[in-house]
Every structure is written in C-alpha cells, then in structure tokens.
Amino acid sequence: MNLKKFIILIIIIAIIAFGVYTAINGLRLGNYQILPLKEGINLGLDLRGGVYVVLEAKGSKEDPITDEKMSRAIATIRQRVDGLGVSEATVTKQGQNRIRVSIPDIQDQDKALDMIGKTAQLEFIGPDKNVILTGEQVEDSQAVYQQTQTGEQPVVTLKFNKKGTAAFAKATKEFINQPISIVLDGEVISAPIVQSTITNGEAVITGQSTLEEASDLSTLIRAGALPVSLEPVEVRTVGPILGQDALSQSIKAAIIGVSLVFVFMILRYRLLGVVASLALVVYILLFFLVLVSIDSTLTLPGIAGLILSIGMAVDANIIIFERVKEELKLGKTLRSALDSGFSRALTSILDSNITTIIAGIVLFFFGSGSIKGFAVTLMIGIIVSMITAVLVTRYLLRLVVGTNLFTNIKLYGA
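What you see is a predicted model, and the numbers here were worked out from it, not measured in a lab.

The rules behind the values
All chains use their own residue numbering, which begins from 1 and follows the written sequence. Totals for whole chains, interfaces and linings use every residue, but because this is a predicted model, local features are given only for residues with pLDDT of at least 70 and side-chain atom pairs only at 80 or more, for both listing and counting. Water and hydrogen atoms play no part in the side-chain values, which are based on all heavy atoms of the structure. We count a stretch as a helix when DSSP gives it H or I for four or more residues in a row; a strand needs E for two or more, and each element gets its number in order from the N terminus. Partly exposed describes any residue whose relative accessible area lies between the buried limit of under 20% and the exposed limit of over 50%, with all areas from a 1.4 Å probe on protein chains only and scaled to the type maximum. Residues are treated as being in contact if the distance between any of their heavy atoms lies within 4.5 Å. Each accessible area is a Shrake-Rupley estimate made with a 1.4 Å probe; only the visible protein chains count as cover when residues are assessed. Contacts described as polar in this section are N or O atom pairs within 3.5 Å, which, within protein, must combine one atom able to donate a hydrogen with one able to accept it, while residues neighboring in sequence count only if both atoms come from side chains. Any Phe, Tyr or Trp ring, taking Trp's six-membered ring, that has another such ring centre within 6.5 Å forms a pair; planes under 30 degrees apart are called stacked, those over 60 apart edge-to-face, and the others tilted. Patch rule: a residue counts if its relative accessible area is over 30% and it has no salt bridge; like charges are joined within 9 Å, and nonpolar side chains (Val, Leu, Ile, Met, Phe, Trp, Tyr) within 5 Å. Every case where a carboxyl oxygen of Asp or Glu lies within 4 Å of a side-chain nitrogen of Lys or Arg is listed as a salt bridge. Two strands pair if DSSP finds at least two bridges between them. Angles here are taken between N-to-C directions and fall from 0 to 180 degrees, while the axes themselves are lines fitted to C-alpha atoms, restricted in helices to the stretch in contact. Throughout, nonpolar core names a set of buried Ala, Val, Leu, Ile, Met, Phe, Trp, Tyr and Cys residues whose side chains join them through atoms within 4.5 Å. For any helix crossing, the convention is left-handed if the near helix is rotated counterclockwise from the far helix by under a right angle, and right-handed if that rotation is clockwise. Asp, Glu, Lys and Arg are counted as charged, while Ala, Val, Leu, Ile, Met, Phe, Trp, Tyr, Cys and Pro are counted as nonpolar; the rest, among them Gly, fall into the polar class.

A. Examining the overall build of the protein more closely. Scanning the protein from N- to C-terminus turns up 12 helices and 15 strands. When the 414 residues of the protein are sorted by exposure, 42% land in the buried category. Sequence-distant contacts, at least 24 apart, represent 71% of the contacts inside the protein between residues at least 6 apart. Entry remark: accessible area of the protein is about 21300 Å², with carbon and sulfur atoms responsible for 59%.

B. Expanded view of the side chain of Glu56. Relative to the helices and strands, Glu56 is located in strand S4 (residues 50-58). For Glu56, a relative accessible area of 14% corresponds to the buried category. Among the polar contacts listed, one links the side chain of Glu56 to the side chain of Lys58, at a separation of 2.7 Å. In this structure the side chain of Glu56 is engaged in a polar contact, spanning 2.9 Å, whose partner is the side chain of Arg98.

C. Local environment of the packing of aromatic side chains. One pass over the full model with this rule turns up 7 aromatic pairs. With centroids separated by 5.4 Å and ring planes inclined at 55 degrees, the aromatic side chains of Tyr269 and Phe321 adopt a geometry described as tilted. Of the two residues, Tyr269 is situated in helix H8 (residues 240-269) and Phe321 in helix H10 (residues 300-329); the sequence distance between them amounts to 52 residues. For Phe321, a relative accessible area of 0% gives the class buried.

D. Examining a nonpolar patch on the surface more closely. Where nonpolar side chains cluster on the molecular surface, the patch consists of Leu346, Leu350, Ile354, Ile358, Ile361, Val362, Phe365 and Phe366 and spans about 790 Å² of accessible area. Taking relative accessible area as the criterion, Phe366 reaches 74% and is therefore assigned exposed.

E. Local environment of unusual backbone geometry. Phi is positive for Asn177, close to 65 degrees, though the residue is something other than glycine. Relative to the assigned elements, Asn177 resides in the loop between helix H6 (162-174) and strand S11 (181-184).

F. Spotlight on the sheet that holds strand S12 (residues 187-190). Strands sit in the order S8-S7-S11-S12 across an open sheet of 4 strands; the sheet is antiparallel. Two strands close off the open sheet at either side, each with one partner strand: strand S8 (131-134) and S12. Averaged over all adjacent pairs, the angle separating strand axes in this sheet is 35 degrees, with direction ignored. Note that S11 and S12 share 3 bridges and pair antiparallel. Within the sheet, the bridge partner assigned to Val183 lies in S12 and is Val188. Strand contacts of H6: strand S7 (122-125) and S8, with the helix running at about 150 degrees to S8, the strand carrying the most contacts.

G. Main features of the environment of Ile382. Note that Ile382 resides in helix H12 (residues 370-402). Remark: the alpha-carbon pair of Ile382 and Ile310, spanning 72 residues in sequence, is separated by 8.2 Å. In this view, Ile382 contacts Ser309, Met312, Asn353, Thr356 and Ile357; residues no more than four positions away in its chain are not counted.

H. Expanded view of the nonpolar core. Membership of the largest hydrophobic core comes to 47 residues, with the highest contact counts inside it found for Phe288, Phe321 and Tyr412. Elements with a contribution of two residues or more to this core: helix H1 (3-25), H8, helix H9 (271-293), H10, helix H11 (334-366) and H12. Counting residues per element, this core draws most heavily on H10, which supplies 11 residues. Look past the residues within four positions of Tyr412 in its chain and what remains in contact with it is Tyr269, Leu271, Leu272, Lys325, Leu328, Leu334, Val400, Val401 and Phe406. Listed in part, the 20 residues of the second largest apolar core include Leu122, Leu133, Leu158 and Ile221.

I. Spatial organisation of the environment of Leu397. Within the secondary structure, Leu397 sits in helix H12. Sequence separation between Leu397 and Leu272 is 125 residues; the distance between their C-alpha atoms is 7.5 Å.

J. Expanded view of the pattern of salt bridges. Across all of its chains, the model carries 10 salt bridges by this definition. Note that Arg98 and Glu56 form a salt bridge whose closest N and O atoms lie 2.9 Å from each other. Separated by 42 residues along the polypeptide, Arg98 in strand S6 (residues 98-104) and Glu56 in strand S4 bring together distant segments of the chain. The salt bridge partner of Arg323 is Glu326, with a shortest N-O separation of 4.0 Å. Of this pair, Arg323 and Glu326 both sit in helix H10, 3 residues apart, which is roughly one turn of that helix. Note on Arg323: relative accessible area 22%, which makes it partly exposed. By sharing partners, the salt bridges in this structure join Arg323, Glu326, Glu327, Lys332 and Arg344 into a single network.

K. Here's a closer look at the sheet that holds strand S14 (residues 229-238). In space, the 4 strands of this open sheet follow the order S5-S6-S4-S14, with antiparallel pairing throughout. Only two strands of the sheet have a single neighbouring strand rather than two, namely strand S5 (90-94) and S14. Ignoring strand direction, the axes of neighbouring strands in this sheet form an average angle of 20 degrees. The pairing of S5 with S6 spans 5 bridges and is antiparallel.

L. Highlighting the packing of H9 against H10. Where H9 contacts H10, the two axes come as close as 11 Å, and the packing angle between them is 145 degrees. Pair H9 / H10 crosses with right-handed handedness. Contacts between H9 and H10 involve Leu272, Gly273, Ala276, Leu280, Tyr283, Ile284, Phe287 and Phe288 from the first element and Leu306, Ser309, Ile310, Ala313, Val314, Asn317 and Phe321 from the second. Split by residue class, the contact of H9 with H10 holds 12 nonpolar, 3 polar and no charged.

What follows is the structure, encoded as structure tokens:
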C-alpha cells in the first residue's frame, strides 16, 4: 500500500465532507462566520413571491413608439424599482412595445403599478397658471424629516440645477405672499405660500403623512417622467407560499435525482462510480459557490438548468469509464487504462459540451427573463462539470489506483 497517497485520498474525502456540512449548516469560527449556501443564493420571483407586471407602450401617428423611447422607459422604470429598495428585480423589453417587470418580495400590486407606471411629470406653476419649471430642472430629491411647530414631519426636498435655480429665484421674488403650486401628473400635491425669495436652488414639498409616502414621491421625481404612456396588460401576484412550495419540490426532486444517479453509477461502474459520485458532490458545491460569487438569481428554470448540467456531468463520466473499461479489456494496466481512457474520451466530452454552451449563449442573448436564467445556470453547470469530470475525477482515480489497495479490475466494472 502506498501510505502517502492513501492519506491524501482520506484528506480529500474529509475536505469534501466538511464542504458539504458547511454548505448545508454554515460555520462559525470565533468572530468569523460562513453562512449556509442557501442564504447566499438570490431566489427569483417564482421562488420568493412578488409582483409580475407587463406594461404596453401606447403611441400615436403623431408620437410613435421608438426603440429610443423604449430604452429610456426601461431605464426610468429600473431607477424607480431600485428606489423601492428591493433586490433582484428585473426590467426587460418584451417584443417591440412591451416591458416586463418582476419585483420580488412585494405583494401589493397597486403600489407596484403606482411606482413603475406613473408618468411622474412634475411642474411648478405660478398663480398666473404659467409653468415656472418642470421635473427636468430637478437635480436631486430626498425624503427626510423636517422640524415644524407641530413636531417632525416627513417632507420631500428638491434641489434644482442651475437653470432651475434661476427660474425658481425669479418666481419666488415675483410671487411673494402668493402660492406656487407643485403639480405631479396634473394633480396639485402642495401649494406653499412664498414667504421670501429663494435663491439657493432648494425647495421642500410638504403634505406627506409618512416617510414612506415621501420616499415614494422622491423616487418618482428622481427617476423623472416616462417618455411614453404605459398601460398594464398583465399583472400577477406570485405568493411566497406558492414559491416556497415550488422550491421545496424542486429541491426534493433534485435530491432524489442525484441520489438515483449515485446508485446507478455505483452499481454500473463500481469503484469508478464511487469516485464519480465524489466528483459530482464537488461539482455541486463548486456550482453553487460560483452562483453565489457572481450574485446570480436562481429561478425554477435555473434549477432545471442545474439538473440538466448534472446529467451532462454524469454523461462525461460515463464516456470516460466506458473508454477505461475498453482499455482494461485489452489487457492494459490500471494506470495505463486510465490515462488512455481519459485521453480518448476528452475529444467527445469537449465536442458535446461546447455545442451545449453555444446553445446556452444563443438562449442568453436572444431570450429574456427566465430563459436567460436557464441559460446562465446551464452554462455555469457545463463549464464546472467539464472541470470536475476531466480534472477532479481523473485525480481521484489516480490516487485510488496509486494506493495499490484496489487492483482487481472487476472493481472497475471490467
């Protein structure tokens, strides 16, 4: 027995077991903590619950819908959604004149529609009914508490650009002791009385009952007006209970599927199957580590991509093992059979995986939403599976053979 290689093999198996334990339960070492992988993975709308909205742009002969307007509308909606403080929201173009918005962790459809669909045309109108300035001259807007005679009140602060500052200074000088109406989407939201000339380019909108209401208004103002009129054509709420059930069922299906793969590989290829199962565990750990490191969002189609890529990883091992068995039947030694089997299988593995990666790239660039999620997880899975099948499996098998404990070729399915 080669004691050195046997010890290395035991250490690697222990590291794999430790990695599985840490991935499932996490680990705390003093002040340093490693969270379980499930807490580091972003879940998509279909798993977390939230609001799914499809908006359709309305145009006319005089004001047609253009790609430039759609791009600006998507950018504006994205800024508004980000202002809600949610993560992993998606805003994508669907067809020529539709925008699809998925917002996780929000169950209030009306709030979501108000935030993403309002035109948010802000105007300051003088007592002579003329527009003094618009939201285009607003450089920044924030929701804060302001001290008043009745206590702290939530307000929306406005900061104008150079052009807006000059216009507002002129108006406040002209309309002393008169109201300047602040109008949002045709509705007067505040009409403060001008008490002095304001030359510093700053103003305050009062009248909000809560800081959340003020925050929503400031988000709309910062994002600006939508360049097109948008009408909701599909609005769906995905409940978190449904999402959790779907996730639980998917995890159960994945565990059953992987377990059956382990059983098949061990029964069919014996010791080779045991090594392949260890390599498959390494593959799953690496896959989720990559997913967490790139801050990707996991969806149900993404889970399907993971399971499919596991199948591709097993397929690569099967090709390798069949080549190894063929070499053993020719009377070659274990080490020689392993080297020849891996060399002969490599071309076939690369060809099949590269074609699948090409399909994933096409799906990613020409698909949208969940299709992109499927493509990302599929490509990550294929790349990681090639690494584990060609490198990890090969290294583990060399260690197993190098220990000189398993020399009977029947243990390798031959």
